[in-house]
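Here are the chains, one letter per residue:
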Amino acid sequence: MFHVKHIAPNILLINPWITDFAAYNFWIKPLGLLRIANLLRRNGFRITLVDCLDYSAKTKRYGDGKFFKTKIEKPPPLKSIPRNFSRYGIPEEILLKRFSMLEEKPDLIGIASGMTYWYPGVFKAIEIAKKVFSNIPIILGGIYATLCPEHARKHSGADIVLNGREEPEVLKLISELTSFEPRTADSEFRTCLYPAFDLYPQLNCVAIATSRGCPLKCSYCASPFLAKGFFRRDPLEVVDEIEYWTAKYGVSNIAFYDDALLMDAPRHIIPILKEIIERDIRCTFHTPNGLHIKEMGEETAGLLVRTGFKTVRLGFETSNEAMQLETGGKVDNLAFEQTVKYLKRAGYSGKEIGVYIMMGLPGQSIGEVKESVAFVKEKGARPMLVEYSPIPHTPLFEKAKRMSQFDIENEPLYQNNSILPCQWDGFTAADYRRLKEELNRV
Ligand code: SF4
């Protein structure tokens, strides 16, 4: 007979380390994991959070900053890359100490995952959790688990790998595994669940998503695959959340983690920004994910300044018109020029307008990247290079597979943008270094 447990199970949720050649804390928070934490909590579970990334070496004025890092052995596939490899976040001994200080053994462990090529940090967290808490089921979810489920099932050591489940399914699964009946059926999970940021011992910044997914389909982007549709929250409900974190927890920095924050601006971002002004919410805002250039209007630009958006990033990627069309047509040069004008008229300096330029796309030449850099400078904004990472389940992945010298299909470590997976004679690692140096000199 199915036995229903009445003592609330204790769930340990872990956000693992980043393992990479470089990493920077742009207000990184495990939003998915924190939403699940809140959902479980509302349904009667007891939650403990251990975020391995909640350990910065140096934090800047706006709450971003360098992670603490520990140099580690390069995984064998990356041995030939002449750069140091590190684990970013909490030192291992402190993680062990935190585990040993837990008052009771968890009934179940949930682990999140980020970029596919950060899996060594995930595996390490699983290995340690297994050693410390033997015979406790471990569930692995998140981006890596969704994009590379077979790899994760084969190599991660997790008992269950979830690829792309929504919160209610996760709740159901955890209820079954712990034989615990949830308190409520939280049908409005999409709109009413704030991520459980209050589980952090200190909170000076939070990340907010006003929407999920993106209606566009750029060939290099996994958003359409990961989010399965485009969903937006009610603007007033978003401002309620902003007010909640600022008023109740004194949060002074908020990063918007939307993929499509400006989409349908008159019905979404404009009401949000106006309401922030109306309620006199004082906070600094950041948009580390690039904003949609075609969606920026004069009114939006003015409201961004008035509400306190300090970090403005535009997703431009390339000034090459053929490439713009080939990758999905999210941007054109005229719209870019117009957007920079709007932002400058609103009060941003050229230096404050960071423009992402993607480099290392399959078949892209160094000349094309240089042209894009020159174009952005000429229009008076600041070019910021972003290395292309081939992501499974994106349309461009097939082309990347053909053009890469690495086995990007079977080894996620080769999807790391730092190694320039699609470098070729027309775009070498040396070209890249020279271009970066040139940009840093200016
Ligand atoms: S517009 Fe941005 S989020 Fe949307 S598909 Fe393109 S790159 Fe991805």
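Residues numbered from 1 in each chain as written. Predicted model: local features only at pLDDT ≥ 70, side-chain atom pairs only at ≥ 80, totals over all residues. Heavy atoms only, no water.

Colleague: For the overall build of the protein, give the residues involved together with the corresponding values.
Modeller: Counting its secondary structure elements, the protein contains 16 helices and 18 strands. Taking 22 Å as the expected radius of gyration for a compact globule of 442 residues, we find that the protein reaches 22 Å, a close match to that expectation. Its C-alpha atoms give the protein principal-axis dimensions of roughly 70 × 55 × 35 Å. Looking at the protein residue by residue over its 442 residues, the buried ones come to 54%. The contacts of the protein with a sequence gap of at least 6 include a subset with a gap of at least 24, amounting to 75%. Total accessible area on the protein stands at roughly 19,900 Å², and carbon and sulfur atoms take up 51% of it. For the protein, the separation between the mean place of its 58 positive charges and that of its 53 negative charges on side chains is 4 Å. (Helix = DSSP H or I, 4+ residues; strand = E, 2+ residues; numbered from the N terminus. Rg over C-alpha atoms; globule rule 2.2 N^0.38 Å. Buried < 20%, exposed > 50% of the residue type's maximum accessible area, 1.4 Å probe, protein only. Contact = heavy atoms within 4.5 Å. Areas by Shrake-Rupley, 256 points an atom, 1.4 Å probe, with all protein chains shown as cover. Lys, Arg positive; Asp, Glu negative; His and termini not counted. Charge placed at Lys NZ, Arg CZ, Asp CG, Glu CD.)

Colleague: For the pattern of salt bridges, give the residues involved together with the corresponding values.
Modeller: Going through the model one piece at a time under the given rule, you end up with 29 salt bridges. We note a salt bridge from arginine 35 to glutamate 167, for which the minimum N-O separation is 3.9 Å. With arginine 35 in helix 1 (residues 31-42) and glutamate 167 in helix 6 (residues 167-178), this residue pair connects regions lying 132 residues apart in the sequence. Each member of the pair, arginine 35 together with glutamate 167, is buried. Here lysine 401 ties to glutamate 409 by a salt bridge, and the two come within 3.3 Å at their closest N and O atoms. Because the salt bridges share partners, they merge into one network encompassing Arg87, Glu92, Lys124, Glu127 and Lys131. (Salt bridge = Lys/Arg side-chain N within 4 Å of Asp/Glu carboxyl O.)

Colleague: Hey, could you go over the nonpolar core for me, with residue numbers and the actual values?
Modeller: Counting residues in hydrophobic clusters, the biggest one holds 83 residues, and the most contacted among them are Phe197, Ile242, Leu314, Phe336 and Leu343. Ignoring any residue separated from it by four or fewer positions in sequence, one finds isoleucine 242 in contact with Ile208, Ile254, Phe256, Ile276, Ile281 and Phe285. One finds Ala125, Ala129, Leu396 and Ile419 within the second-largest nonpolar core, a separate group that totals 49 residues. (Core = buried A, V, L, I, M, F, W, Y, C linked by side-chain atoms within 4.5 Å.)

Colleague: I'd like to hear about the packing of aromatic side chains, residue by residue, with values.
Modeller: Taken as a whole, this structure holds 24 aromatic pairs when the rule is applied. Between the aromatic rings of phenylalanine 26 and tryptophan 27, the centroid separation amounts to 6.3 Å while the plane-to-plane angle is 45 degrees, which identifies the pairing as tilted. When its relative accessible area of 41% is taken as the criterion, phenylalanine 26 is described as partly exposed. In this structure tryptophan 27 comes out as buried when scored by relative accessible area, which is 2%. (Phe/Tyr/Trp six-rings, centres within 6.5 Å; stacked < 30°, edge-to-face > 60°.)

Colleague: So what about the sheet that holds strand 15 (residues 284-286)? Which residues, and what values?
Modeller: Within the open sheet, the 6 strands sit side by side as 11-14-15-16-17-18. Their pairing is parallel. Sheet topology places strand 11 (205-208) and strand 18 (382-387) at the edges, where each strand pairs with a single neighbour. Neighbouring strand axes in the sheet, compared pairwise and without regard to direction, differ in orientation by 25 degrees on average. The sheet contacts of helix 9 (residues 235-249) involve strand 11, strand 14 (253-256) and strand 15, and relative to strand 11 the element is tilted by about 170 degrees. This element, helix 16 (residues 429-441), spans strand 17 (353-359) and strand 18 of the sheet and lies at about 155 degrees to strand 18. (Pairing = 2+ DSSP bridges. Axes fitted to C-alpha atoms, helices over the stretch in contact; angles between N-to-C directions.)

Colleague: Quick one: what's the story with empty space enclosed by the protein, residue by residue and with numbers?
Modeller: Summed over the entire model, instances satisfying the criterion amount to 2 cavities of 30 Å³ or more. Reported here for the second largest cavity is a volume of approximately 50 Å³. Contributing to the lining of the second largest cavity are Cys218, Tyr220, Phe316, Glu317, Thr318, Gln324, Thr327, Gly329, Lys330 and Val331. Among the residues making up the lining of the second largest cavity, the classes are represented as 4 nonpolar, 4 polar and 2 charged. (1 Å grid on protein atoms, 1.4 Å probe; cavity = no way out; pocket = protein on both sides within 12 Å on 5 of 7 lines; lining within 4 Å. Points joined across faces, edges and corners; volume = space filled by probe spheres on them. Nonpolar A, V, L, I, M, F, W, Y, C, P; charged D, E, K, R; others polar.)

Colleague: Any details on the environment of leucine 203? Residues and values, ideally.
Modeller: Here leucine 203 is to be found in the loop between helix 7 (189-192) and strand 11. Along the sequence, leucine 203 and proline 137 sit 66 residues apart, while their C-alpha atoms lie 30 Å from each other. With residues near it in sequence (within four places) discarded, leucine 203 still touches Phe197, Trp245, Tyr249 and Val251.

Colleague: Give a detailed account of the side chain of threonine 394, specifying residues and quantitative values.
Modeller: Here threonine 394 is to be found in the loop between strand 18 and helix 15 (395-403). Excluding its chain neighbours within four sequence positions, the residues that come into contact with threonine 394 are Ser219, Tyr220, Cys221 and Ala222.

Colleague: An account of the site of the ligand is requested, with residue identities and associated values reported.
Modeller: Close to the ligand lie Cys214, Leu216, Cys218, Tyr220, Cys221, Asp259, His292 and Lys330. For the shell around the ligand, the class distribution of residues is 5 nonpolar, 1 polar and 2 charged. (Near = heavy atom within 4 Å.)

Colleague: Outline the environment of tyrosine 342, listing residues and values.
Modeller: Counting through the fold element by element, tyrosine 342 comes out in helix 13 (residues 333-346). Using a relative accessible area of 17% as the deciding quantity, one classes tyrosine 342 as buried. C-alpha of tyrosine 342 to C-alpha of glutamate 278: the two residues are 64 residues apart in sequence and 23 Å apart in space. Ignoring anything within four residues of it in the chain, the contact list for tyrosine 342 reads Met296, Gly297, Glu298 and Ala301.

Distances and angles like these do not, on their own, reveal function.
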